[in-house]
Amino acid sequence: MIWQQLQSLAGSYPLALRGLGMTVVLSLISLVLGTLLGFGLGILRTGGNRLISAAIGAWVDLIRGTPFLVQIFLIFFILPELGIELDAFTAGIIALTNLAACFICEIVAAGIRSVPTGQVEAALASGLSRWQRMRQVVLPQAMRIVLPPLVGQYVLLIKDSSVVSAIGLTDLTRVGWLVVQRVPNGLLVFFLVGLGYFIVCYPLIMLARRLEQRMGAAHGEVQL
Amino acid sequence: MTKTGMIDFRGVNKWFGALNVLRDITLSVEPREVVVVCGPSGSGKSTLIRCINGLETIRDGDLVVDGQRLGDPATNMTRLRTEIGFVFQSFNLYPHKTALENVTLAPIHVRKIPRTEAEQAGRELLAKVGLADKVDAYPAQLSGGQQQRVAIARCLGMRPKIMLFDEPTSALDPEMISEVLDVMVAVAEEGMTMMVVTHEMGFARKVAQRAVFMDAGAIVESGTPEEFFSAPKTDRSRAFLSKILRH
């Protein structure tokens, strides 16, 4: 009987694939953009300028402290009121990128702060410029601290992307809602939706775990 | 005071909050001179040399290094730092880079020396400090004494005019101290202008022209190492020396 129910869902297969594709594309674009922006913000956050640092801190707190659903509604429904027309896809990318950047900013900032002061002083004393200190000395060491939680954050963000279904984007979650109206067994539908997310996320979970082990080992070894 | 040294402190003061860590410091170090700074912990000796390359900033007075006044908008601090080597108590080698990469990083990126040329010079410097076979080793694979010698080679790679040493042997096991001091003696004998915060009397007697004794942020006594270590003039320096020389 479960077989029959699966068969009744077989017709929805192309739609499901489209939904999965949307979820992957949306996640991929916003994670790449969010990572770049997040590193930039994290570097500025720990830079010397207090005003910039405080402004970024306030924005990050605001975004981390409000539901993503609310943020996405604000971007999709309020911005057009101000004359900025956005299609659902662009709104979704903006909202997810912003969310990703804010979480990644804090991860990167924590990594940068973990680098001992002596390292910065040594780089400073040898005449390296601000950017050279960051690029050659601070970031490579911060990455040890940053990488495991960064990949873990990717997993959370991919799952958060399901919220974009609320503004009508046909991602995996929305496909679930559409299909469930046509077939009797909603439980099975959402089981499959969940499975779809898991298939995307599981490799990342494994990667995060491996990175954590590797970085843990490196940490013991690289000791001053 | 009209003559200008390589390093010139004139009435320098510095506070950490309410604490007056440098009190009216006036001190001039001539080119090729080696000055040893000693004193009890918290006396301000590390702060004194950290001011010279701007790791600490001064509150008032003048500090002129290599003809450039610190804190002056016309002084390019990053550029001035390339002329000043700084050796830290805790080495501060870059743990993610090999010994050679530690030595060549600044010459390649700051001095813009071609990589192959910088690596050639880096190997020679590491050989000079006795570490020809450790070129590709990471800091974690080196002993404290070896790390500190790499740190000295890293400074020399920039061909600085001045070298500052902040208790370079204090974090070392006793058997490694002499290998680092030997390298420092060699650097001094080549005519480097040096300020060394240390209590190593043997080193001071061998290469220093002057010993400066600091207490509570002020320079209390200054003289040749011979005079200072064998016949200190003030009660405070006598008390200090009797403590470090007792054993």
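Figured I'd write up the structure that's included with this text. Predicted model only: the values in this text are computed from it and were never measured. (Residues numbered from 1 in each chain as written. Chains lettered and ligands numbered in written order. Predicted model: local features only at pLDDT ≥ 70, side-chain atom pairs only at ≥ 80, totals over all residues. Heavy atoms only, no water.)

Some words on the sheet that holds strand S10 (residues 218–223) of chain B
All names here are of chain B. The strand order across the open sheet formed by six strands is S6-S7-S8-S3-S9-S10, and the pairing between neighbours is mixed. Edge positions in the sheet fall to strand S6 (84–87) and S10, since each has one partner strand and no second. If you compare each strand with its neighbour and ignore which way they point, the axes differ by 15° on average. Pairing analysis gives four bridges linking S6 to strand S7 (residues 162–166), with the strands arranged parallel. From the neighbouring strand, Ile84 faces S7, where its bridge partner is Ile162. Relative to the sheet, helix H6 (residues 174–189) contacts strand S3 (34–38), S7 and strand S8 (193–197), its axis offset from that of S8 by approximately 150°. (Pairing = 2+ DSSP bridges. Helix = DSSP H or I, 4+ residues; strand = E, 2+ residues; numbered from the N terminus. Axes fitted to C-alpha atoms, helices over the stretch in contact; angles between N-to-C directions. Contact = heavy atoms within 4.5 Å.)

Digging into the packing of aromatic side chains
How two aromatic rings sit relative to each other is given by the distance of their centres and the angle of their planes. Residue and element names in this part refer to chain B. Under the counting rule described, the total for this entry stands at eight aromatic pairs over all chains. Taking the centre distance of 5.1 Å and the plane angle of 70° together, the rings of Phe228 and Phe229 count as edge-to-face. Accessibility expressed as a relative area gives 6% for Phe229, which makes it buried. Through successive ring pairs, a cluster of aromatic residues spans Phe213, Phe228, Phe229 and Phe240. Above the ring of Trp15, the side-chain terminus of Arg59 is found at 4.3 Å from the ring centroid. One Lys or Arg, Arg154, reaches over the ring of Tyr94 and ends 4.6 Å from the middle of that ring. (Phe/Tyr/Trp six-rings, centres within 6.5 Å; stacked < 30°, edge-to-face > 60°. Buried < 20%, exposed > 50% of the residue type's maximum accessible area, 1.4 Å probe, protein only. Lys NZ or Arg CZ within 6 Å of the ring centre and 35° of its normal.)

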